[in-house]
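So the chains spell out like this:
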Amino acid sequence: MNPPTDPQAAVSANNRRVVKRALLACAGAFFFCFSLIPIYTIYCEITGVNGKTGQISGEQPVLVDTSRTITVQFDGTSHSSLPWQFKPEVREMKVHPGELSSALFYAQNLDKQTLVGQAVPSVAPNVASIYFNKTECFCFTEQLLEPGEQREMPVRFVIDPDIPASVKTVTLSYTFFLNELATQRVAKEHSVTDNPAS
Amino acid sequence: MAEHATHDTHDEHHDDHQQSFFMRWFCSTNHKDIGTLYLLFSLVMFFIGGFMALVIRAELFVPGLQLVHPEFFNQMTTMHALVMIFGAVMPAFVGLANWMIPMMVGAPDMALPRMNNWSFWILPFAFTMLLLPLIQYAFFGVGAGGPAGGWTLYPPLSLQGGNNVAFTIFAIHMMGVSSIMGAINVIATILNMRAPGMDLLKMPVFCWTWLITAFLLIAVMPVLAGAVTMLLTDKFFLTSFFNAAGGGDPVMFQHIFWFFGHPEVYIMILPAFGIVSEIIPTFARKPLFGYQAMVYATASIAFLSFIVWAHHMFTVGMPLGGELFFMYATMLIAVPTGVKVFNWVSTMWKSSMTFETPMLFAVGFVILFTIGGFSGLMLAIVPADFQYHDTYFVVAHFHYVLVTGAIYSIMAATYYWLPKWTGVMYNEALGKWHFWLSTIFVNVLFFPQHFLGLAGMPRRIPDYNVAFADFNLISSIGAFGFGLAQLIFAWIVIQCAFLGRGAKATDHVWEGSKGLEWTLSSPPPHHSFSTPPVINDKDLAHGDVTH
C-alpha cells in the first residue's frame, strides 16, 4: 500500500484502520463469548470434567469384563421450578463393565398444568464420566407430562471396560429442570385445542 | 484520599488563561485536576460503602433479626462490595496514578488527556446507575431495591432479582470502559512520555506496579463485560448460557467470573505494593532493598494471577487433578509475595526510621497485609477450604488484604503526598490518632471473624446461632470504632485541601524523600515538566539505579 502524500489523508487513513480493527476486535469478542457454551461443553465431554457423560454409543462393546463388578447408584431430583416427583426405581445395581444394562426412573407431574421438563445428567466421580456411555436416555429429549400423569423413564447404558480399576462405584444423578419455553408453547397449543370457541 | 489546592494557589500558575469553575473541573484535561476528582470521588464512595458496612454490622450486633429485612441485608452486602471495589479502591488508585505518574516519570501530563477526562466522568454516571434502584427503594419506597445476589453475581440467584439486574450490569459495563481507558492512558504515559534518562528500570516502583496493573486491567475487564452481558441476555433475551435446563452451565459463570475476579484482586493490591515501596525507603532513609526483585516479583504475581482462579470455587465439584493444580499454583504466589515482604523488612533493617503517619500506615500495611496473606494460604489448602468456604474466615481474610492492605496503602499515600499536592502539612497529631484508632479498631473488627469462620458461621446471612454472639458483638464494636475513626481522616483532608490550614510544606516535604515529584514546588505548578527535567541518578526514587 502506497502511503498517501497528503498528511491529512494519511491521518484519516490511519484512523479508519484503527476503527476497523477495533470493530473487528469487538465482533471477535462477541463471537467468542457466544461460542463459550459449545466450547465449554466439548471440553467437559472430552475431559470428563464437570460430570458430563460420554458420547452416545450405538455399538456394543466387544467384550464384557465379568471379572469386575461396579456398583451403579442412581439419584434423581427435580429442580424447585418444576413441581414433579422424580425418583429412581432402584437405588443401586451391580453391573459388569461392557454389559448393556437398563434402569428405570419414575416421574409424576404434581401440578395442575401441563409441564415440559428437561433432565440434565451428571456422573460422579469425574474420572468415571467419560467411560459411562448412555445408549438411550429420557434426558436426550424434552419430557412432557399432563397434570397428574406418571411415566416410567428408561435409561440404557454401558460402562466402558477401560474404566480405571480404582473406580468401584459410579453415581448417575439427574436433575429435572423446567423447560419454560416449551411449557409456554404447549400451554398455547392446549388453549387453542381445548377451547376452540375462545 | 482526596485533596486539591485552593483556587488561588492554582491560579497563580495559570499564567495565560483563567478557567471558569465548570471548565476547570468538568472539562478538565489536566492530570492533577482529574487525579483530584478521582480521589474525591473515591472518598465519597468510601463513606457510602462504609455506611452500608455499618448497616450490616448493626444488624449483626446481636443475634436475631432486628434492624433491616433480610432482603435489604443482602442488598447491603452486595452493594457494599461493589461500591468499595469499583467505587473506592480502584478509582483511588487511578487517582493516585493520575497525580503521580506524570510527575514521577518527568512528563508534562498523561499521554491522552481528553480520554482521561472521559474515563473519570463516566464514573459518576455509572455509580448513579448502580445505586439508583437501592436509593429509590430505601428513600422513596419505589421498586424492589438493588441487587442482592452477592457482588459475584452468581446465576441463577443473581438473575432472580428484578430490573436492578439491568442497572447493575450496565453500570459494570461503564466502569469497565472507564477502567480500560484509564489503563490505556497509564501504559501510554509510562511507555512514551518518560523524560530522557528515566529508563524503565530507574522508574519508581509505584510506576512499575501501575504499569503491570494496567495490563491486568486490559486483560480482564473485557472478560467481566462478557460474563455480565451473558447474564443480561439470560435474564432478558431468553438465552441459556448459565441455565442448565437450556443446555448451559451455571458453573461456567463461576469460571469466567473468577478468571476476571482473581486478577482483579491483584489490580487492587499491586499499586498498594508500589506505594509502600515508595514510603518505606523515605522514612527508613535507605534505598529500597532489591529494587529489581520487586519489579520481577510484581510481574510474577501478575502472571500467576491468571492461573489460580478456580481456588475461589474448590467446592463446586472439580476433578482432583484440578484441585491439586489450583492449590499448588495458589501457594506458589506466596513466593513472590514473600520476596516483597522480606524486601520491605530488609529495607527497614538497621535503618534510621522515623514514624510519621505515612510510615505508620506503611508499616501497618506490611504487618496486617501479611496476616491476610497467611489466612489466604490457609484457604488455598483444598481439604481445609471445604470447611472455610463461604464462612466468616473468608470475610476476615479478604478484609485484612483489602482494608489493612489496599485501603491502608491509599491512606499512607494520601498522608505522604498530601503536603505535595496542597502545599500545606497535614495535622500530624490528628494523623497519628487516625492511625492508632484505625489499627486498633480494624483488628477488633476483623480478627474475631477468623474465629467465627472457623466455628462455622456462614457469610452473607443476617442472623446467626447464639453461639456466635460474643465475637459478633466485639466485631460490631470494632466496626463502629473504625468507621468513626475515618471521620478524622476526612477532617484532615478537608483541612489541607479545602481550608488550606497547616504549616507551609517545603518542596521536599520529607527528609528522606527522593524522586522527581519532590523536585517540584509544593503545590506543584498546574503544568509541570513542560520541558523534560535533567535527571540525576541520585534524585531518582529509591531504586537500584547503578546498573
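Our structure is the block above this text.
Residues numbered from 1 in each chain as written. Chains lettered and ligands numbered in written order. Predicted model: local features only at pLDDT ≥ 70, side-chain atom pairs only at ≥ 80, totals over all residues. Heavy atoms only, no water.

What follows concerns the side chain of Thr-357 of chain B. Relative to the helices and strands, Thr-357 of chain B resides in helix H13 (residues 357–380). With sequence-adjacent residues up to four places away left out, Thr-357 of chain B is seen in contact with Tyr-415, Tyr-426, Glu-428, Gly-431 and Lys-432 of chain B. (Helix = DSSP H or I, 4+ residues; strand = E, 2+ residues; numbered from the N terminus. Contact = heavy atoms within 4.5 Å.)

This part takes up the interface of chain A and chain B. The interface of chain A with chain B comprises 14 residues on the first partner and 16 residues on the second. At the boundary of chain A with chain B, total buried surface from both sides reaches about 1300 Å², with 71% on carbon and sulfur atoms. Taken together, chain A and chain B are joined by zero salt bridges. Taken together, chain A and chain B are joined by zero residue pairs in polar contact (both at pLDDT 80 or more). Within the residue set of the side of chain A that touches chain B, elements represented by two or more residues are helix H1 (7–34), helix H2 (36–47), strand S5 (115–124) and strand S9 (169–178) of chain A. Here the residues of the side of chain A that touches chain B sort into 10 nonpolar, three polar and one charged. (Buried area = accessible area lost by both parts, 1.4 Å probe. Salt bridge = Lys/Arg side-chain N within 4 Å of Asp/Glu carboxyl O. Polar contact = N/O pair within 3.5 Å; in protein donor to acceptor, adjacent residues only side chain to side chain. Nonpolar A, V, L, I, M, F, W, Y, C, P; charged D, E, K, R; others polar.)

Before going further, it helps to examine the packing of aromatic side chains. Residues and elements named next belong to chain B. Applying the stated criterion to the full structure yields 59 aromatic pairs over all chains. The interplanar angle of 65 degrees and the centroid separation of 6.0 Å between the aromatic rings of Phe-283 and Tyr-416 together place this pair among those described as edge-to-face. Of this pair, Phe-283 sits in helix H9 (residues 270–284) while Tyr-416 sits in helix H15 (residues 392–422), placing them 133 residues apart in sequence. Residue Phe-283 is classed as buried on the basis of its relative accessible area of 1%. Tyr-416 sits in the buried class, given a relative accessible area of 1%. (Phe/Tyr/Trp six-rings, centres within 6.5 Å; stacked < 30°, edge-to-face > 60°. Buried < 20%, exposed > 50% of the residue type's maximum accessible area, 1.4 Å probe, protein only.)

Further remarks concern unusual backbone geometry. Residue and element names in this part refer to chain B. The linkage connecting Pro-155 with the following residue, Pro-156, adopts the cis geometry, with an omega of 5 degrees. Within the secondary structure layout, Pro-156 lies in the loop between helix H5 (113–140) and helix H6 (164–192). Going from Ser-522 to Pro-523, the amide bond is cis rather than trans, its omega being -5 degrees. If you trace the backbone, Pro-523 turns up in the segment after helix H17 (469–497). Within the chain, Lys-350 stands out as a residue other than glycine whose phi angle is a positive 55 degrees. Classification of Lys-350 by relative accessible area gives exposed; the value is 72%. Phi is positive for Arg-460, close to 60 degrees, though the residue is something other than glycine.

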